[in-house]
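# Notes for the structure review
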Amino acid sequence: MSRRRQAGYTLVELMMALSLFIAGMVALVGMQKLQVRANSDARSLAVAQRIAETWAGQLQMASLAWVDDPTFAPWLGTVGGGWTRPVPVAGRVGAAFDGVGNPLPDTALAQARYCTNIRLTYLYPNDFPVAGNGLMRAEIRVFWLRDGESTLDAAAGLCPTAPTAADLILVGKSSERYEFVYHTTGIRQHPG
């Protein structure tokens, strides 16, 4: 046997093995980053969906008070007015939510990670075709910032207390800045 075979690996063989190992580790780190990002996106989507479903339930509960006048029930008085930021009701849900989906009072809007808008439209007014037989479509929009993006108005934050109608329309057109979940449900007038 030659001496060369007994000496072990050459420097070139070691460098090749090391470069293959490093390439594999770089690929693993890249895959890990993608997995962390995908998990974060899935979590944000799940929280936003839960917020939208909570709002759908709140609007359904509010419809129980809708007998003759939709302004009697909170939020239902905005029917036909386009996108609105729902006014929070003490002890119930509001428009702004923290990172895990807990409702925030208007005094803590700087911590808002998710914001909610609603749009109500009549399918059947409460006096057509028969009085007391109203039906509304409720659209619920929950939005949050994409990674690395900022709000349209940094001073107002993600979920301002009194956005203008133009601000609410602009939010819906800013898909490069925000992520969205839309939820639609029907609200039926409670027969009194």
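For the structure itself, consult the block above.
Residues numbered from 1 in each chain as written. Predicted model: local features only at pLDDT ≥ 70, side-chain atom pairs only at ≥ 80, totals over all residues. Heavy atoms only, no water.

### Focus on the nonpolar core
Trp-55, Leu-59, Leu-76, Tyr-114, Ile-140 and Ile-187 are the most contacted members of the largest nonpolar core, which has 24 residues in total. Taken together, the elements giving at least two residues each to this core come down to α2 (11-63), β3 (114-124), β4 (135-145) and β5 (178-188). A per-element tally of this core places α2 first, with eight residues. Discounting chain neighbours no more than four positions away, the residues touching Ile-140 are Ala-52, Trp-55, Ala-56, Leu-59, Trp-83, Thr-116, Asn-117, Ile-118, Val-181, Tyr-182 and His-183. In terms of nonpolar packing, the next biggest core, distinct from the first, is built from 13 residues, Ala-108, Leu-109, Ala-112 and Leu-158 among them. (Core = buried A, V, L, I, M, F, W, Y, C linked by side-chain atoms within 4.5 Å. Buried < 20%, exposed > 50% of the residue type's maximum accessible area, 1.4 Å probe, protein only. Helix = DSSP H or I, 4+ residues; strand = E, 2+ residues; numbered from the N terminus. Contact = heavy atoms within 4.5 Å.)

### Overview of α2
Under the 1.5 Å per step criterion, the end-to-end length of α2 is 78 Å for 53 residues, consistent within 8% with the ideal 78 Å. Close packing links the buried residues of α2 with β1 (96-97), β3, β4 and β5. (Expected span 1.5 Å × (residues − 1).)

### What about the packing of aromatic side chains?
On inspection of all chains with the given rule, the structure shows six aromatic pairs. Ring geometry for Phe-143 and Phe-180: centres 6.2 Å apart, planes at 40 degrees, overall tilted. On the criterion of sequence distance, the pair formed by Phe-143 in strand β4 and Phe-180 in strand β5 is long-range, its members being 37 residues apart. The same class applies to Phe-143 and to Phe-180, which are both buried. In textbook terms, an aromatic cluster arises when at least three aromatic residues are bridged by ring pairs, as seen for Trp-83, Phe-143, Tyr-178, Phe-180 and Tyr-182. One residue, Arg-141, lies across the ring of Trp-83, its end atom 4.2 Å from the ring centre. (Phe/Tyr/Trp six-rings, centres within 6.5 Å; stacked < 30°, edge-to-face > 60°. Lys NZ or Arg CZ within 6 Å of the ring centre and 35° of its normal.)

### Considering the state of the cysteines
Throughout the structure, instances matching the rule amount to one disulfide. Each sulfur in the disulfide pair Cys-115 and Cys-159 lies 2.1 Å from the other. When the S-S torsion is 60 degrees, as for the bridge of Cys-115 with Cys-159, the disulfide is right-handed. Taken together, the residues Cys-115 in strand β3 and Cys-159 in the loop between β4 and α3 (165-172) connect sequence positions 44 residues apart. Comparing Cys-115 with Cys-159 shows no difference in burial state: the two are buried. (Disulfide = S-S within 2.5 Å.)

### A word on the pattern of salt bridges
Summed over all chains, the structure comprises six salt bridges. With a shortest N-O distance of 2.8 Å, Arg-85 and Asp-106 are connected by a salt bridge. Here Arg-85, found in the loop between α2 and β1, pairs with Asp-106, found in the loop between β2 (103-104) and β3; they are 21 residues apart in sequence, far enough to count as distant. Its relative accessible area of 33% is what places Asp-106 among the partly exposed residues. The salt bridge partner of Arg-137 is Glu-139, with a shortest N-O separation of 3.8 Å. Looking at Glu-139, the relative accessible area reads 14%, which means it is buried. (Salt bridge = Lys/Arg side-chain N within 4 Å of Asp/Glu carboxyl O.)

### Brief notes about the pairing of β4
Judged by how many residues are buried, β4 sits mostly within the fold: nine of 11 residues are covered. Judged from the nine bridges that link them, β3 and β4 form a sheet pairing that is antiparallel. Bridge assignment links Arg-119 to a residue of β4, and that residue is Glu-139. Summarising the sheet, β4 and β5 pair through 11 bridges and their orientation is antiparallel. Along β5, the bridge assignment pairs Trp-144 with Glu-179. (Pairing = 2+ DSSP bridges.)

Geometric values such as these leave the question of function open.
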